[in-house]
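Survey of secondary and tertiary structure
These are the residues of each chain, in order.
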Amino acid sequence: MIVASTPSALKEHLAALRTRSVAVSFVPTMGNLHAGHLALMQQARQSAEVVVASIFVNPMQFAENEDLATYPRTMDADLAALREAGVDMVFTPNVEDIYPGGSALHTAIHVPVLGDSLCGRDRPGHFDGVCTVVCKLFQIVEPDIAVFGEKDLQQLLIIKQMVRDLGLPVEVQHGPTQRAEDGLALSSRNQYLSDAERALAPLLWQTLQDCAQALKTPAISEAERVLTPARDALQRAGFAVDYLELRTLSALDLIHQVTEDCAVFVAARLGRTRLIDNIQILAP
Ligand code: PAF
């Protein structure tokens, strides 16, 4: 496995491979890899001869009050896991490589509407940071395919729109959310949870499943009849709920009935840890 820490080193290695006109599949990450990331690497492998991953904790997607400084950085273990997963190349740039002059002064990409609701509302600027870094990474790696996880469903929809709007020559693929045995969606931030919080956390997925089941029931005419009590129950159990909402997959419009393909999206905090998850519901 080749580890390239600068854009020029990565481009040089990739140029040598491209002479054989092989397809390149790319999985961008912020490191601290878990089974969810490794499943995306496997998916990338099924679609292309060359798999490239990146590890870059992107300062532009963190607000000042967020966990940039403490975000778990586990480079040696990550590289070992990627080698084991059969990844061909890993790109590990530093901040200056991606944002010469600093991220604060850098041009930002904003995807309107999709980027302004849910996590975009609670974390202003977050998706601008995600889109900007993903676009920059695409320009450096020039992948044919890029793979993202459905756990970050809003991020996935936003990246798809950015790719469409900017005409980026990349096929965006997505892989299903990987879960612990008790249902908690795998996330690097789960390790911030105390033992008591970790024991409570699977209630989020349980709640999403219950909501989806109820919303599929024809007798339920109003989503709020399901979502309001579910929100209250999460609050009573100890979560601070940022949102629990039914929104369309096409435009993230808030809807009150399952009239088209949609998802229940949740973000809730347990102590200092903000967890997100979602469940998709297909139109009847
Ligand atoms: O999902 C993530 O880990 C990040 O948002 C991404 C896509 C790697 C951009 O920094």
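Details of the structure are given in the entry above.
The paragraphs below set out a description of the structure included in this document.

The rules behind the values
- Residues numbered from 1 in each chain as written.
- Predicted model: local features only at pLDDT ≥ 70, side-chain atom pairs only at ≥ 80, totals over all residues.
- Heavy atoms only, no water.
- Helix = DSSP H or I, 4+ residues; strand = E, 2+ residues; numbered from the N terminus.
- Rg over C-alpha atoms; globule rule 2.2 N^0.38 Å.
- Buried < 20%, exposed > 50% of the residue type's maximum accessible area, 1.4 Å probe, protein only.
- Contact = heavy atoms within 4.5 Å.
- Lys, Arg positive; Asp, Glu negative; His and termini not counted.
- Charge placed at Lys NZ, Arg CZ, Asp CG, Glu CD.
- Pairing = 2+ DSSP bridges.
- Axes fitted to C-alpha atoms, helices over the stretch in contact; angles between N-to-C directions.
- Expected span 1.5 Å × (residues − 1).
- Arc of directions from axis to C-beta.
- Parallel < 35°, antiparallel > 145°, perpendicular 65-115°, else oblique.
- Nonpolar A, V, L, I, M, F, W, Y, C, P; charged D, E, K, R; others polar.
- Left-handed = near helix turned anticlockwise from the far one by under 90°.

**Details of the overall build of the protein chain**
- For the protein chain, the count of helices and strands is ten helices and nine strands.
- The globule rule puts the C-alpha radius of gyration for 284 residues at 19 Å, and the 19 Å found for the protein chain is close to it.
- A burial count over the protein chain gives 52% of its 284 residues as buried.
- For the protein chain, the proportion of contacts with a sequence separation of at least 24, taken over those separated by at least 6, is 71%.
- Each charge class in the protein chain was averaged separately, 23 positive and 34 negative side chains, and the resulting centres sit 1 Å apart.

**So, the sheet that holds strand β7 (residues 240–248)**
- Across the sheet, three strands lie side by side as β7-β8-β9; this open sheet has antiparallel pairing. Of all strands in the sheet, those bounded by a partner on one side alone are β7 and β9 (273–281). Averaged over all pairs of adjacent strands, the angle between strand axes in this sheet comes to 10°, irrespective of strand direction.
- This element, helix α9 (residues 203–215), spans β7, β8 (262–270) and β9 of the sheet and lies at about 25° to β9.

**Some points on α9**
- If you check α9, its first and last C-alpha atoms are 18 Å apart, about what 13 residues at 1.5 Å a residue would give, namely 18 Å.
- The complete set of buried residues in α9 reads L204, W205, T207, L208, C211, A212 and L215. Each buried residue of α9 sits inside an arc of 155° when the element is viewed along its axis, so together they form one side.
- For α9, the secondary structure elements touched by its buried residues are α10 (224–237), β7, β8 and β9.

**Side note on the packing of helix α1 (residues 7–18) against helix α6 (residues 126–141)**
- At a minimum axis separation of 9 Å, α1 and α6 run at an interaxial angle of 50°. Compared by their axis directions, α1 and α6 come out oblique. Together, P7, L10, K11, L14 and R18 of α1 and Q139, I140 and V141 of α6 make up the contact between the two elements.
- Taken together, the residues of the contact of α1 with α6 break down into five nonpolar, one polar and two charged.

**Digging into the packing of α6 against helix α7 (residues 153–166)**
- Direction vectors running N to C along α6 and α7 enclose 55°, while the axes themselves pass 10 Å from each other. Between α6 and α7, the interaxial angle falls into the category oblique. By crossing handedness, the relation of α6 to α7 is classed as right-handed. The segment α6 lies against α7, with F127, V130, C131, V134, C135 and F138 engaging Q154, Q155, I158, I159, M162, V163 and L166.
- Along the lines of polarity and charge, the residues of the contact of α6 with α7 split into eleven nonpolar, two polar and no charged.

Remember that the coordinates give geometry; whether it matters functionally is a separate question.
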